[in-house]
Amino acid sequence: MLQELRVHNLALIDTLHLDLSTQQTGLIVLTGETGAGKSIILQAINLLTGGKGTASWVRNDCDQASIEAVFSIRPDHAEVHALLAEHSLQDGTTCIVRRVLTREGRSRVYANDQSVTTRLAGELTASLINIASQHDHQQLLNARYHLDYLDSYGELWGMRQEFTKLFRRWQQASSELRQLQEKEQDKEQQRDFLRFQLEEIRKGKPELHEDEQLLRERDQLKSSDALVRLVGASSRMLSETVTRGLVEIRKNMVQAAGLDTGLTPLAERIGSAGFELEDLASSVQKYLDQIPMDPARLDVISGRLAELKQLQRKYGPTLAEVIAFAQAAEASLSLLESLEQQIAQAEVRVEEISTEALLKAVELTQARREVARKLGVNMENELASLSFPQAVFEVTVTEPEGLGLDGFHGSGRDSVEFLFSANPGEPAKPLAKIVSGGELSRLMLAMKCLLARRDQVDTVIFDEIDAGIGGQAAEAVAEKIRELAGHHQVFCITHLPQIAACADLHLKVEKRVEDGRTRTIMTPLERDQQIGELARMLGGEKPTAQTLAFAGELVERKGKRKTV
């Protein structure tokens, strides 16, 4: 239930605060001249539901616009509580949704003071508020939306989602089967090609980092003469000069340390250095002995590097990738060898899922046919109370011919269409072909009333549901909206005085110019003010005494209805 609405710097609204904490149920009416700004208020609520916003909606000379709504959540509203808990947004029995639009075009949405996506805000508010606008009227004319209305009325979305999951699994399994069958068609060609590639790599016998080792060895061979000269000279100097000299030095320092113990640390360091140099001399000689001197080996290395480079050009820039390619080719060959078995298993899997999905589709069709019958009867009852005493409303449920899932869609196998006739003796026809604006408004109202009794949404908003309606029909529409407001919180933007007279809270929307700026304001009306507004709606800006009397009579009727 909407408790509070705050709007700041949105279009012509500088500041608006609507406190509904004492208005738990009932009819809240918004009236005003065309262009006064009623649609801005509706747009503000639409922004909270995740609707698209633009920087142009920010009031001139302001940096940002903000809209905030406070909703109370019933303890038994499981869907909202579950959604809030899932995203760690719970805050008792209250949900605060806020939207901020900046002059730069950026937008931020918050739920209970935590940043959320517009998508999540849309999911959340869809369970809190329902807006019936002219867009919904057009949806009612479009047969592709009729299935959604039927499933909503029959509470069949759970069953429909179960079928959708099966249908998606069937699509995935069928796609995998087709891919396997395509592989089967050119299996021999693929197998021969993979075998050729694998044989070529195996013949080459590449080893990890082999090319790097060969390049180092090649560089050594190319520089072998210089290496022998330089390293050999270094080895001789270590062995003949340094090492022999250090032996004599070490011997002398050991004797000196015997005469003066203070030289012991220094003697030990010289001894260690001698041992280190002897070890270095041994390592240098070992390297000298290993320097390759075979010129023929250079040709062998060059040939091997050419072989490895050929493999790298075909199967990967590095030997690691060449080896990985060979492993993948082996795995692909194994798969091809077992392809017939895979196809047989895939066919069984497709058949099992298809059978399960068909059974679920049949179950869903049967449920929809039963719901369609009930919806038709209940819509006729609702329409009878909306001045269609002998209207015919039919819901047709058709299914494709043939077996299998090929003619199905993600929502099942059914096509649903609403048929209507307002006149006795005339056959029911598709809505788009026959309904007028006034008839469409009443059809939408009847549908919304039926759906409102079944969903958990507490707040319903009607945007000019009275389009094309007058006379007795207007009285009937007003009575129906008042009936809905008996168990829901209902907002109604209207131009009909018959509806406005039923208001439990009447809000007048108007434009004013103050200090050279135009602003939209919303004022709650007392009884006398309400009668004056109804008179304006009936007879213009200068109503006659008779018009004022009739407006007062409309308000009196509302009071009498409440006492009955």
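As the structure is a computational prediction, the values presented were derived from the model and not from experiment. (Residues numbered from 1 in each chain as written. Predicted model: local features only at pLDDT ≥ 70, side-chain atom pairs only at ≥ 80, totals over all residues. Heavy atoms only, no water.)

Engineer: Is there a simple way to think about the overall build of the chain in this case?
Structural biologist: The helix and strand inventory of the chain stands at 19 helices and 15 strands. The C-alpha radius of gyration of the chain comes to 43 Å, more than 25% above the 24 Å expected for a compact globule of 564 residues. In terms of principal-axis extent, the alpha carbons of the chain reach across some 135 × 75 × 40 Å. Burial analysis of the chain (564 residues in total) assigns 44% to the buried set. Within the chain, counting contacts between residues at least 6 apart in sequence, those at least 24 apart form 73% of the total. Counting only carbon and sulfur atoms, one obtains 50% of the accessible surface of the chain, whose full area is about 29900 Å². Put simply, the chain has 67 plus and 83 minus side-chain charges, and the middle of one group is 3 Å from the middle of the other. (Helix = DSSP H or I, 4+ residues; strand = E, 2+ residues; numbered from the N terminus. Rg over C-alpha atoms; globule rule 2.2 N^0.38 Å. Buried < 20%, exposed > 50% of the residue type's maximum accessible area, 1.4 Å probe, protein only. Contact = heavy atoms within 4.5 Å. Areas by Shrake-Rupley, 256 points an atom, 1.4 Å probe, with all protein chains shown as cover. Lys, Arg positive; Asp, Glu negative; His and termini not counted. Charge placed at Lys NZ, Arg CZ, Asp CG, Glu CD.)

Engineer: Would you mind going over the packing of helix α15 (residues 437-452) against helix α16 (residues 471-484) with me for this structure?
Structural biologist: Describing two packed helices takes the angle between their axes plus the distance from one axis to the other. Relative to each other, α15 and α16 sit at 15 degrees, their axes nearing to 11 Å. Classified by the angle between their axes, α15 and α16 sit roughly parallel to one another. Between α15 and α16 the crossing geometry is left-handed. Residues R442, L445, C449 and A452 of α15 form the contact with α16, whose own contacting residues are A473, V477, K480, I481 and L484. (Axes fitted to C-alpha atoms, helices over the stretch in contact; angles between N-to-C directions. Parallel < 35°, antiparallel > 145°, perpendicular 65-115°, else oblique. Left-handed = near helix turned anticlockwise from the far one by under 90°.)

Engineer: How should the sheet that holds strand β4 (residues 64-72) be read in this particular structure?
Structural biologist: The pairing of strands in a sheet happens through backbone hydrogen bonds and is either parallel or antiparallel. On the basis of which strands lie adjacent, the open sheet formed by 6 strands has the order β2-β1-β4-β5-β6-β7 and antiparallel pairing. The sheet is open, and its two borders are formed by β2 (13-19) and β7 (114-116), each paired with just one other strand. Across the sheet, the mean angle from the axis of one strand to that of its neighbour is 15 degrees, orientation sign disregarded. Note that β4 and strand β5 (residues 94-102) share 9 bridges and pair antiparallel. Counterpart to V70 in the pairing with β5 is I96. (Pairing = 2+ DSSP bridges.)

Engineer: When you look at the packing of aromatic side chains in this model, what are you seeing that I'm missing?
Structural biologist: The description of two aromatic rings rests on the distance between their centres and on the angle between their planes. In the structure shown here, the tally under the stated rule is 7 aromatic pairs. Both rings, one in F388 and one in F420, keep their centres 5.6 Å apart while their planes meet at 80 degrees; by these two values the pair is edge-to-face. In this pair, F388 sits in the loop between α13 (339-384) and β9 (392-398) while F420 sits in strand β10 (residues 415-421), placing the two residues 32 residues apart along the sequence. Between F393 and F418 the ring centres are 5.3 Å apart and the planes differ by 50 degrees, which places this aromatic pair in the tilted class. (Phe/Tyr/Trp six-rings, centres within 6.5 Å; stacked < 30°, edge-to-face > 60°.)

Engineer: Would you mind going over the nonpolar core with me for this structure?
Structural biologist: The tendency in soluble globular proteins is for nonpolar side chains to be buried as a group. L375, F393, F418, F420, L443, F462 and I481 are the most contacted members of the largest nonpolar core, which has 64 residues in total. Beyond its immediate chain neighbours, meaning those up to four positions away, F393 contacts G376, M379, E380, L383, F418, L419, F420, L443 and M447. One finds C62, F71, L84 and L507 within the second-largest nonpolar core, a separate group that totals 48 residues. (Core = buried A, V, L, I, M, F, W, Y, C linked by side-chain atoms within 4.5 Å.)

Engineer: I keep staring at the pattern of salt bridges and nothing clicks. Help me out?
Structural biologist: Side-chain pairing between opposite charges can occur once the charged atoms of the two side chains come close. In total, this model carries 32 salt bridges according to the counting rule given. Salt-bridge contacts for R349 lead to E176; the nearest nitrogen and oxygen are separated by 3.6 Å. Within this pair, whereas R349 is found in helix α13, its partner E176 is found in helix α6 (residues 157-185), the two being separated by 173 residues in sequence. By relative accessible area, R349 is classed as partly exposed at 35%. You can call E176 partly exposed: its relative accessible area is 31%. In this structure, the salt-bridge partner of E382 is K480, at a minimum N-O distance of 2.6 Å. A residue pair is termed long-range when its members are at least 10 positions apart, and E382 in helix α13 and K480 in helix α16 qualify at 98 residues. For E382, a relative accessible area of 8% puts it in the buried group. On the accessibility criterion, K480 (4% relative accessible area) is buried. The structure contains a network of salt bridges with shared partners spanning D148, D151, R160, R368 and D414. (Salt bridge = Lys/Arg side-chain N within 4 Å of Asp/Glu carboxyl O.)

Engineer: Sorry, what's going on with the sheet that holds β10 here?
Structural biologist: What the 3 strands build is an open sheet, ordered β9-β10-β11; its pairing is antiparallel. At either margin of the open sheet sits one strand with a lone partner, and together these are β9 and β11 (429-430). Bridge count between β9 and β10: 7 bridges; the pairing is antiparallel. Bridging from a neighbouring strand, V395 pairs with F418 of β10. Its contacts with the sheet put helix α5 (residues 146-153) on β9 and β10, and the angle it makes with β10 is roughly 90 degrees.

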